[in-house]
Amino acid sequence: MASKLRARVGKGGSFFVPLVVFGAIITLISLLGILYIKSEAIKGGDKTIGEKQAKLFTVYQFGEKHLFFVDESVKKASEAALLEVASSGLEKENSDCKKSGDDILWAKQEMGSDCNPAAVTPCYPSEGDNNRHFNETFKKYYDSYIDSYNGLRDKTLFNEIPKEYASLNVEGGGSGIDLVGKAKDHITISSYGWEQKPPLRQLFEYNITPSFTEPIEVNFVQDSANLVNVAKEIFGKPKDEVTKLVKAADGQNGLDWDEKFSYNKAESPPCTRSVGSCSCCETVETCEEGETDKDGKFVCKKHGTSDVPVGDGVLKESVPYDSIAVPMSVKVNDPESGSGHRQFFVYDEAAKKVVLKELEYRFALSWVEAHPDKATTFCSCGEGHPC
């Protein structure tokens, strides 16, 4: 009985295995059919599964490419702005001080109409001046980079990278500063479809925001404050004292002051001022010796001159003075640099290649030295009156 039961079970099992295999084959064929139908429905019959995801990833990569270009443009424009702003005295030329040679004046003094040195006109840069000048200079370089990129972009897929920002500010303090740009508009990537020929069927619209926070490698705001402090001490001092002050400042706060600075002392035309009144005269011819001839006519044998008073004039004083101009050059120390100073890569138009350029703060001071002890006086009576 037991042997008959085992025979029946073995015979039934021989039918089960083929049945399972046949069912699996039918299921796989069904799944392949479903996948094919779905693929045809989604892609129009000429694409493969996964291409939609690949296109999504490609668009994401395009967005990252845009943002990468923005970040690199911000970095390069910041470096170029640093070099220019430093060399231009950390502020724009203004009507009060203008320039002394090639350098922006931080303070000036001229001879007053009374032949005494006039009050000092201060034009020292403030933190607000620093930031405004840097932002304007940065935008000049940044816009040129973005313009070049926008001109080469695929106009069928991408909108322009916007150049305008809702806000652009230098933020931070003594430990470091950042340039922070808050985007005003998005960068839009759209009109991206499956078809290879126009018109493209838009798949979606992808927006990215080109805001940025870029560390500024040199804290020009803190440097400006340190430079102004020393410049105020220098102003109006004799050459020997200026030399001592520059040597004392050299190396402080990471700044390398040029100890071979020039102290330009130029003699100016004397300043003239009125100091009182005087008598004016007129020179007339006189005869010191003479005689009467046989006809009774007087004949002068020896002529002379005499000053005859003719009225009042103005007594004036002429005061000599010197004009002093002191241009300064200060660099940022960097032990890791080959030159010992902070450097940036820039494109040299003349050499047609990229070169390293040192960051250099340049400014000038100008004042006068009057010499009243060497003054001379004279009576001003007008033309024809020598007294």
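Before reading further, recall that the structure is shown in the block above.
Below, the structure is looked at part by part. (Residues numbered from 1 in each chain as written. Predicted model: local features only at pLDDT ≥ 70, side-chain atom pairs only at ≥ 80, totals over all residues. Heavy atoms only, no water.)

1. Overview of the state of the cysteines
Defined as follows: Count a disulfide wherever a pair of cysteine sulfur atoms falls within 2.5 Å. Starting at the N terminus, helices and strands are each numbered in turn, a helix being any DSSP run of H or I of at least four residues and a strand any DSSP run of E of at least two. In this scheme, a residue with accessible area under 20% of its type's maximum is buried, one over 50% is exposed, and one in between is partly exposed, where area comes from a 1.4 Å probe on protein chains only.
Enumeration over the complete set of coordinates arrives at five disulfides. The disulfide partner of C278 is C379, and the gap between their sulfur atoms is 1.7 Å. Negative torsions about the S-S bond denote left-handed disulfides, and the value of about 85° found for C278 with C379 makes this one right-handed. On the criterion of sequence distance, the pair formed by C278 in strand β10 (residues 264-292) and C379 in strand β15 (residues 376-380) is long-range, its members being 101 residues apart. The pair C278 / C379 is uniform in exposure class, with both members buried. Covalently, C280 is tied to C381 through a disulfide, its sulfur atoms 2.1 Å apart.

2. Side note on helix α4 (residues 220-234)
For clarity, the threshold we go by: A helix's residues, less one, multiplied by 1.5 Å, set its expected span.
The terminal C-alpha atoms of α4, which comprises 15 residues, lie 21 Å apart, in line with the 21 Å expected from a rise of 1.5 Å per residue. Along α4, the positions that sit buried rather than exposed are F220, V221, D223, S224, N226, L227, V228, V230, A231 and I234. In the stretch just after α4, G236 is the one whose phi turns positive, near 80°.

3. What to know about empty space enclosed by the protein
Put simply, the test is: In this analysis, the protein atoms alone were mapped onto a 1 Å grid. Cavities are point sets where a 1.4 Å probe fits without being able to get out; pockets are open sets with protein on both sides within 12 Å along at least five of seven lines; lining residues have an atom within 4 Å of a point. Grid points are joined across faces, edges and corners, and a volume is the space filled by probe spheres set on the points. All amino acids are sorted into three groups, where Ala, Val, Leu, Ile, Met, Phe, Trp, Tyr, Cys and Pro are nonpolar, Asp, Glu, Lys and Arg are charged, and the leftover types, Gly among them, are polar.
Evaluation of the coordinates by the stated rule reveals one cavity of 30 Å³ or more. Looking at the largest cavity, its volume works out to about 60 Å³. If you trace the largest cavity, you find it lined by K75, S78, E79, L82, E214, P215, I216, E217 and F344. If one sorts the elements of the lining of the largest cavity by residue count, helix α2 (residues 51-87) sits on top with four residues. Of the residues in the lining of the largest cavity, the class split is four nonpolar, one polar and four charged.

4. Description of the sheet that holds strand β5 (residues 176-183)
Rule in force here: Between any two strands, at least two bridges found by DSSP are needed for them to pair. Lines fitted to C-alpha atoms define the axes, with helix axes restricted to the stretch in contact, and inter-axis angles between N-to-C directions lie between 0 and 180 degrees. Any pair of residues with heavy atoms lying within 4.5 Å of one another is described as a contacting pair.
Pairing in this open sheet of three strands is antiparallel, and the strands run β4-β5-β8 from one edge to the other. Across the chains shown, the open sheet's two edge strands, defined by having one partner strand only, are β4 (165-173) and β8 (212-216). Averaged over neighbouring strand pairs, the angle between their axes works out to 20° when direction is ignored. The pairing of β5 with β8 spans five bridges and is classified as antiparallel. Residue V180 lies in a different strand from β8, and its bridge partner there is T213. Here helix α3 (residues 127-152) sits on the sheet and contacts β4, β5 and β8; the angle it forms with β4, its principal contact strand, is near 130°.

5. Here's the deal with the packing of aromatic side chains
So the rule is basically this: Centre distance within 6.5 Å is the pairing criterion for rings of Phe, Tyr and Trp, where only the six-membered ring of Trp is used; planes under 30 degrees apart are then read as stacked, over 60 as edge-to-face, and the remainder as tilted.
Under the counting rule described, the total for this entry stands at eleven aromatic pairs. Ring centres 6.3 Å apart and planes at 85° place the aromatic pair W257 and F363 in the edge-to-face group. Taken together, the positions of W257 in strand β9 (residues 255-257) and F363 in strand β14 (residues 360-370) put the pair 106 residues apart, joining distant regions of the chain. Note on W257: relative accessible area 2%, which makes it buried. Assessed through its relative accessible area of 0%, F363 is described here as buried. Considering the side-chain rings of Y263 and W367, the 6.0 Å spacing of their centres and the 70° angle between planes classify their relative orientation as edge-to-face.

6. Here we look at the pairing of β10
Bridge count for β10 against strand β11 (residues 298-332) is 25 bridges, and the pairing is antiparallel. What sits directly across from C278, in β11, is G313. Counting the residues that bridge the hairpin from β10 to β11 gives five residues, and of these G296 lies at a positive phi of roughly 85°.

7. Thoughts on the packing of α4 against helix α5 (residues 239-249)
Selection criterion: Any angle from 65 to 115 degrees is called roughly perpendicular, while one under 35 is roughly parallel, one over 145 is roughly antiparallel, and all others are oblique. We call a crossing left-handed when the near helix sits turned anticlockwise from the far one by less than a right angle, and right-handed when that turn is clockwise.
In contact at an axis separation of 9 Å, α4 and α5 are set at 160° when each is read in the N-to-C sense. What the angle tells us is that α4 and α5 run roughly antiparallel. Handedness of the α4/α5 crossing: right-handed. Where α4 abuts α5, its residues V230, E233 and I234 lie against V242, L245, V246 and A249. Considering only residue class, the contact of α4 with α5 consists of six nonpolar, no polar and one charged.

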